[in-house]
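One letter stands for each residue in the lines below.
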Amino acid sequence: MTITTEMALNMPKGLGAALSGIATKESLKGAPYTADLDYVLPGARSAIVFAVPFEQKLIEPFLSKEDFSLSAHKIERTTFTFGISFELSTVLTSLGYKAVPIASNFAFRKDTPNGIYDRVPPISLKLLSAASGVGTIGQSGLLLTKQYGAALSLGGVVTDLELEPTDPLPESENYCDGCLLCKRSCVADFILPEKRSMDIGGNRIRVGNCRLASRCAYPCGGITGLDRSGKWSTWSPGRFPLPDDDEDYKTISKKYVEQYLQRKRSGPVSYNPLLAGTYEMQYTCSNCQFVCHPDRKVRMERHDMLMNGGVVIEEEDGAKRAVPPEEAEEFLKRMPEDRKRLFTD
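All of these numbers come straight from a predicted model, not from anything done at the bench.

## Examining the overall build of the protein
For step 1, the next point in the chain: The secondary structure content of the protein amounts to twelve helices and twelve strands.
For step 2, the next point in the chain: Since a compact globule built from 345 residues should have a radius of gyration of about 20 Å, the 20 Å found for the protein is in line with a globular shape.
For step 3, the next point in the chain: In terms of its C-alpha atoms, the protein occupies a principal-axis envelope of roughly 65 × 40 × 35 Å.
For step 4, the next point in the chain: In the protein, 68% of the contacts between residues at least 6 apart in sequence involve partners at least 24 apart.
For step 5, the next point in the chain: As displayed, the protein has an accessible area near 15,200 Å², and 52% of this comes from carbon and sulfur atoms.
For step 6, the next point in the chain: For the protein, the distance from the average site of its 42 positive side-chain charges to the average site of its 44 negative ones is 2 Å.

Quick look at the structure:
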């Protein structure tokens, strides 16, 4: 049986995705090495890529630090997205094609200088999605869509099935206006202000301008979370330092991972191979992803919620709650020393 381009686009949507596209070797010409289909599957011809949105109603309670539910939801939807990739690849291989599902997160190349700690994915779903018109890329380096903002999980399948590529969106469809609220929502200062673009498949595509990936992962995974101002935090109760130099971020997560893994976690977890021990992780940030919205007014409101939501502390039973900065500081001072080491030097 032949799988047509139309069928390939509809299959992920039938399984629960909202948007889909197709990238080919031709449409990816000139792209960085992280868009090389042959790296994933020698002899590959196409990639089916798609996006699964997160629930918008959970975003503002998360940013205002009233409700942590979005963390569990992101884990569940990301796992669901990978499930779609796996099911699509299973169907294609059953029909006689070669196909490899692409993990939505926590899959890293081992052949880079520092192996998995370089956090280089086997292939960039973001670049494939931009090249195939699933969305555009903003200053944050995230895929943006007019329907869902940046609140998406990406999935895909690389295959030797020959398909027709879908066109990238014109730059006029990119709502990123350089507001840099994403940058201002990041305790680790991951996003740089200068714009960057590149030619992919003969089209000029804007790409993010960000610093070392480890810089983002350190607070997003929950190891630390207090902004340098001391006035607001992510959902992490951690108070470990935020260095200025990118080089320091190559090792800082390893330094504090043991303390981090001894904190209490309830609800769904992700399993991150970089967190040696239990490997358990919950998202405590993703602020750049959730602040970003097609409507600038909404973006500004969400950013204000984040700034004014207080500082998160963790009770002995593992419950997290936000309190004023002064109260958080006193809470930490009163903490027994053996427990305090789980959160600060």
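## Structural notes on the side chain of Ser46
For step 1, the next point in the chain: You can see Ser46 is positioned in strand S2 (residues 46-53).
For step 2, the next point in the chain: A polar contact of 2.7 Å, which involves the side chain of Ser46, links it to the backbone oxygen of Leu161.
For step 3, the next point in the chain: One polar contact links the side chain of Ser46 to the main-chain amide nitrogen of Leu163, over a distance of 3.2 Å.
For step 4, the next point in the chain: Setting aside anything within four residues of it in sequence, one finds Ser46 in contact with Ile22, Ala23, Thr24, Leu37, Val157, Val158, Thr159, Leu161, Glu162 and Leu163.

## Remarks on the pattern of salt bridges
For step 1, the next point in the chain: Taken as a whole and judged by the stated rule, the model has 23 salt bridges.
For step 2, the next point in the chain: We note a salt bridge from Glu171 to Arg206, for which the minimum N-O separation is 2.5 Å. One end of the pair, Glu171, is in the loop between strand S6 (152-159) and helix H6 (181-184); the other, Arg206, is in strand S8 (residues 203-207), with 35 residues separating them in the sequence.
For step 3, the next point in the chain: Judged by relative accessible area, which is 37%, Glu171 ranks as partly exposed.
For step 4, the next point in the chain: Residue Arg206 is classed as buried on the basis of its relative accessible area, which comes to 12%.
For step 5, the next point in the chain: Residue Glu330 pairs with Lys333 through a salt bridge whose shortest N-O separation is 3.6 Å. Taken together, the residues span about one helical turn, with Glu330 and Lys333 both in helix H11 (residues 325-334) at a distance of three residues.
For step 6, the next point in the chain: Residue Lys333 is classed as exposed on the basis of its relative accessible area, which comes to 52%.

## With respect to the packing of aromatic side chains
For step 1, the next point in the chain: Evaluated as defined, the whole model comprises eight aromatic pairs.
For step 2, the next point in the chain: With centroids separated by 6.0 Å and ring planes inclined at 65°, the aromatic side chains of Phe54 and Phe290 adopt a geometry described as edge-to-face. With Phe54 in the loop between S2 and helix H3 (59-63) and Phe290 in helix H9 (residues 287-291), this residue pair connects regions lying 236 residues apart in the sequence. With respect to class, Phe54 is no different from Phe290; both count as buried.
For step 3, the next point in the chain: Between Tyr218 and Tyr249, the aromatic rings sit 5.8 Å apart at their centres with planes inclined by 75°, giving edge-to-face as the arrangement. Here the residue Tyr218 occupies a position in helix H7 (residues 213-220), and Tyr249 occupies one in the loop between H7 and helix H8 (252-261), the gap between them amounting to 31 residues.
For step 4, the next point in the chain: The buried category is assigned to Tyr218, whose relative accessible area is 0%.
For step 5, the next point in the chain: Chaining the aromatic ring pairs together yields one cluster made of Phe54, Phe62, Phe68, Trp235 and Phe290.
For step 6, the next point in the chain: It is Arg109 that lies over the ring of Tyr39; its NZ or CZ is 3.6 Å from the centre.

## With respect to the pairing of S6
For step 1, the next point in the chain: Among the eight residues of S6, eight are classified as buried, and the element is accordingly described as predominantly covered.
For step 2, the next point in the chain: Judged by which residues are buried, S6 turns out to be covered on both faces: Leu152, Leu154, Gly156 and Val158 on one side and Ser153, Gly155, Val157 and Thr159 on the other are all buried.
For step 3, the next point in the chain: Here strand S3 (residues 99-102) pairs with S6 via four bridges, running antiparallel. Opposite Val100, over in S6, you have Val158 as the bridge partner.

## Brief notes about unusual backbone geometry
Phi is mostly negative for residues that are not glycine, and the peptide bonds are mostly trans.
For step 1, the next point in the chain: Positioned with a positive phi, Arg119 is a non-glycine residue whose angle comes to about 55°.
For step 2, the next point in the chain: Following the sequence through the fold, Arg119 ends up in the loop between S3 and helix H5 (125-131).
For step 3, the next point in the chain: For Ser286, which is not a glycine, the phi torsion comes out positive at approximately 60°.
For step 4, the next point in the chain: Structurally, the position occupied by Ser286 is in the loop between strand S10 (280-281) and H9.

Procedures and definitions
- Residues numbered from 1 in each chain as written.
- Predicted model: local features only at pLDDT ≥ 70, side-chain atom pairs only at ≥ 80, totals over all residues.
- Heavy atoms only, no water.
- Helix = DSSP H or I, 4+ residues; strand = E, 2+ residues; numbered from the N terminus.
- Rg over C-alpha atoms; globule rule 2.2 N^0.38 Å.
- Contact = heavy atoms within 4.5 Å.
- Areas by Shrake-Rupley, 256 points an atom, 1.4 Å probe, with all protein chains shown as cover.
- Lys, Arg positive; Asp, Glu negative; His and termini not counted.
- Charge placed at Lys NZ, Arg CZ, Asp CG, Glu CD.
- Polar contact = N/O pair within 3.5 Å; in protein donor to acceptor, adjacent residues only side chain to side chain.
- Salt bridge = Lys/Arg side-chain N within 4 Å of Asp/Glu carboxyl O.
- Buried < 20%, exposed > 50% of the residue type's maximum accessible area, 1.4 Å probe, protein only.
- Phe/Tyr/Trp six-rings, centres within 6.5 Å; stacked < 30°, edge-to-face > 60°.
- Lys NZ or Arg CZ within 6 Å of the ring centre and 35° of its normal.
- Pairing = 2+ DSSP bridges.

Limitation: the analysis is restricted to geometry and does not speak to function.
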